[in-house]
Amino acid sequence: MIAIILGTRPEIIKMSPIIRECERQGVDYFILHTGQHYSYEMDRIFFEELHLPDAKYRLDVGSGSHGEQTGKMLAGIEKVLQIGSPDHVVVLGDPNTALAGALAAAKMHIPICHIEAGRRSYNRMMPEEINRIIIDHISDCLCTPNELTQGNLLKEGIDSTKIIRTGDPIVSAVREILTVAQESSTVLDDLHLTPKGYILVTAHRAENVDKKERLEDILTALRALSTEFSLPVIFPVHPRTEKKIRVFGLSLEGITVTKPFGYLDFLQLEVNAKLVLTDSGCIQEEACILGVPCVTLRDDTERPETLTIGCNVLAGTNPDRIMSASQRMMSLDPGWRNPFGDEHSGKQIVQFLCT
Ligand code: UD1
Ligand code: UDP
């Protein structure tokens, strides 16, 4: 029995190929949803669009400080693991949900499989970096995206026999759904957009949006980009960011602001964008896979392979830096090769867990 623990938007999306593979192979598994994300457009919509079975267990932990949120998850997950008695626990990436899942399992001596192991930004001010390091060091099987992330784990003294290079399941998630998105989404028409005729933006990192100056700088940069390139800037706003824009009383003039999109509409927007600006982890990967240049609104990244191959550039939040990075990336020829592996990672991970 495999316990798949998830709770946030990117975990639902990236776990989808693994869940589908469990269904395909008739593997015994259950989904435990912590409820870290709970708004319809951050949670349920992905289960519907990706045709995922409902979670067997839901903790409804909701939002809170790191300690409060992680603590509630830990207590709830422990109870579920006692009832469900799985042979393996699978967690993905770096959110508090993954940390709580791994910690609960480790204390109960249940083998942990960490998907997306070995990513490092080497910035411990990021809560996610702390989570990644802890999860990797208490996991029994580390499914890592590529040579670089594998090397990060080896440098930290993690036993090489625990590491398996599977690629990143985002490649399967994108490839399995892109055609459906292109055939079914009407988002371009709905927003009166033309292919390559707009810039797509997301921002939700605590270090960006919880600070008034940094968030204000991002919004100033977006307005400047829209004027400079005479292109609409489409900004689906994460609930954390929406709250902060309201609290800080910031202006959204000159920017097309929307609610978060489902995966079908968002992929359609991404693949047709002239440029993507983001501080999201997953979107740096997706833009690279989809052949769309990316400007990352951060000073570091746990995906430096995207910088090396040239599909992504770091610009922080300074409006001048964002402008010059965008000018450079707009004229780029997207001839790079995706460094995250192929679409078989879901299958490989499930096969490994079942042997
Ligand atoms: C979390 C992860 C982050 C990941 C992101 C994906 C941690 C530490 N952070 O950040 O790594 O990139 O998810 O999107 O785990 N809110 C809602 N509805 C929701 C969820 C959140 O309104 O469904 C609002 C609440 O006001 C909440 C805030 O968003 O306080 C932040 O949510 P939280 O889950 O704490 O962190 P994220 O910023 O979403
Ligand atoms: N995404 C989406 N709708 C949106 C914004 C993002 O479906 O309006 C998807 C996006 O395609 C990617 C994932 O959500 O697969 C990224 O999630 P997020 O940026 O919240 O988290 P991170 O990757 O930074 O942890």
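Residues numbered from 1 in each chain as written. Chains lettered and ligands numbered in written order. Predicted model: local features only at pLDDT ≥ 70, side-chain atom pairs only at ≥ 80, totals over all residues. Heavy atoms only, no water.

Naming follows an unreviewed UniProt entry, where the protein appears as UDP-N-acetylglucosamine 2-epimerase (Non-hydrolyzing) of Methanofollis formosanus.

Visitor: I tried to follow the environment of Leu219 on my own but got confused; where do I start?
Guide: The topology assignment puts Leu219 in helix α10 (residues 212-229). Distance from Leu219 to Thr301, taken between C-alpha atoms, is 21 Å for residues 82 residues apart in sequence. Look past the residues within four positions of Leu219 in its chain and what remains in contact with it is Phe235, Leu250, Ser251, Leu252 and Ile255. (Helix = DSSP H or I, 4+ residues; strand = E, 2+ residues; numbered from the N terminus. Contact = heavy atoms within 4.5 Å.)

Visitor: Looking at this structure, I do not really get the nonpolar core. What am I missing?
Guide: In this structure, Ile4, Met15, Ile115, Ile170 and Tyr263 are the most contacted members of the largest nonpolar core, which totals 61 residues. Here this core spans two domains, since at least three of its residues come from each of domain 1 (2-168 + 341-354) and domain 2 (179-330). Those residues within four positions of Ile115 in sequence are excluded, and the remaining contacts are Met15, Ile18, Val90, Val91, Leu92, Gly93, Cys143, Pro169 and Ile349. Formed by 29 residues, the second largest nonpolar core is a distinct cluster that contains Ile218, Leu225, Phe235 and Ile245. (Core = buried A, V, L, I, M, F, W, Y, C linked by side-chain atoms within 4.5 Å. Buried < 20%, exposed > 50% of the residue type's maximum accessible area, 1.4 Å probe, protein only. Domains from an automatic or database assignment.)

Visitor: I'm lost on the site of ligand 2 in this one. Help?
Guide: Near ligand 2 lie 18 residues; those nearest to it are Arg205, Phe261, Ser280, Cys282 and Glu286. The separation between a nitrogen atom of ligand 2 and a polar main-chain atom of Phe261 is 2.7 Å. In this structure, an oxygen atom belonging to ligand 2 sits 2.9 Å away from a main-chain N or O atom of Gly281. Protein burial of ligand 2: of its 540 Å² of free accessible surface, 95% is covered by the chains. Of all the secondary-structure elements, those providing two or more residues to the shell around ligand 2 are α1 (9-25), α12 (263-271) and α13 (281-290). For the shell around ligand 2, the class distribution of residues is ten nonpolar, four polar and four charged. Both domain 1 (2-168 + 341-354) and domain 2 (179-330) contribute no fewer than three residues apiece to the shell around ligand 2. (Near = heavy atom within 4 Å. Polar contact = N/O pair within 3.5 Å; in protein donor to acceptor, adjacent residues only side chain to side chain. Areas by Shrake-Rupley, 256 points an atom, 1.4 Å probe, with all protein chains shown as cover. Nonpolar A, V, L, I, M, F, W, Y, C, P; charged D, E, K, R; others polar.)

Visitor: For this particular structure, what's the right way to read the side chain of Asn123?
Guide: With respect to the helices and strands, Asn123 occurs in the loop between β5 (112-115) and α5 (127-138). Polar side-chain contacts of Asn123 include one of 2.9 Å to the side chain of Asp300. Leaving out residues up to four positions away in the same chain, Asn123 has contacts with Glu129 and Asp300.

Visitor: Before we go on, may I ask you to explain the sheet that holds β5 in this structure?
Guide: In a beta sheet, neighbouring strands pair by backbone hydrogen bonds and run either parallel or antiparallel. Spatially, β3-β2-β1-β4-β5-β6-β7 is the arrangement adopted by the seven strands of the open sheet, whose pairing is parallel. Unpaired on one side and paired on the other, β3 (57-58) and β7 (163-165) mark the two borders of the sheet. Across three bridges, the pairing between strand β6 (residues 141-144) and β7 is parallel. By the bridge assignment for β7, Thr144 is matched with Arg165. Packing against the sheet, helix α6 (residues 147-155) makes contact with β6 and β7, and its axis sits at approximately 170° to β7. (Pairing = 2+ DSSP bridges. Axes fitted to C-alpha atoms, helices over the stretch in contact; angles between N-to-C directions.)

Visitor: Just checking my understanding: could you explain the sheet that holds strand β9 (residues 233-236) for this structure?
Guide: As summarised here, the arrangement of the six strands in space is β10-β9-β8-β11-β12-β13, forming an open sheet in which the pairing is parallel. Each edge of the open sheet is held by one strand with a lone partner, namely β10 (256-258) and β13 (312-314). When the angles between neighbouring strand axes are averaged without regard to direction, this sheet yields 20°. Most of the contacts of α10 go to β9, to which it runs at about 150°, and overall it touches β8 (199-202), β9 and β11 (275-278).

Visitor: Which parts of the structure should I look at to understand the domain arrangement of the protein?
Guide: When the parts of a complex come together, some accessible area is lost, and that lost area is often taken as the interface size. Under the domain assignment, the protein is made up of domain 1 (2-168 + 341-354) and domain 2 (179-330). With 22 residues of domain 1 at the contact, the number on the domain 2 side is 19 residues. In total, about 1700 Å² of surface goes out of reach between domain 1 and domain 2, with carbon and sulfur atoms giving 57% of it. If you sort the residues of domain 1 by the area they bury against domain 2, Glu41, Glu49 and Arg119 come out on top, with a joint share of 26%. Where domain 1 packs against domain 2, one counts six salt bridges. Measuring nitrogen to oxygen at the nearest pair gives 3.0 Å for the salt bridge that ties Arg132 to Glu302. The interface formed by domain 1 and domain 2 contains ten residue pairs in polar contact (both at pLDDT 80 or more). At the level of elements, α1, α2 (44-49) and α5 are the ones that each hand at least two residues to the side of domain 1 that touches domain 2. Classifying every residue of the side of domain 1 that touches domain 2 gives eight nonpolar, four polar and ten charged. (Buried area = accessible area lost by both parts, 1.4 Å probe. Salt bridge = Lys/Arg side-chain N within 4 Å of Asp/Glu carboxyl O.)

Visitor: How should I be thinking about α13 in this particular structure?
Guide: Think of an α-helix as turning once every 3.6 residues; residues three or four places apart then point the same way. Buried residues dominate α13, accounting for ten of its ten residues. Sitting at the amino-terminal end of α13 is Ser280, which places a side-chain oxygen 3.3 Å from the backbone nitrogen of Cys282. Immediately beyond the C-terminal end of α13, within one or two residues, lies Gly291, with a positive phi of roughly 75°.

Visitor: Just checking my understanding: could you explain the packing of aromatic side chains for this structure?
Guide: How two aromatic rings sit relative to each other is set out by the distance from centre to centre and by the angle between their planes. Enumeration over the complete set of coordinates arrives at one aromatic pair. Where Phe30 meets Tyr57, the ring centres are 5.1 Å apart and the plane angle is 75°; that geometry is what we call edge-to-face. Of this pair, Phe30 sits in strand β2 (residues 29-33) while Tyr57 sits in strand β3, and the two are 27 residues apart along the sequence. Tyr57 matches Phe30 in its accessibility class, with the two residues each being buried. (Phe/Tyr/Trp six-rings, centres within 6.5 Å; stacked < 30°, edge-to-face > 60°.)

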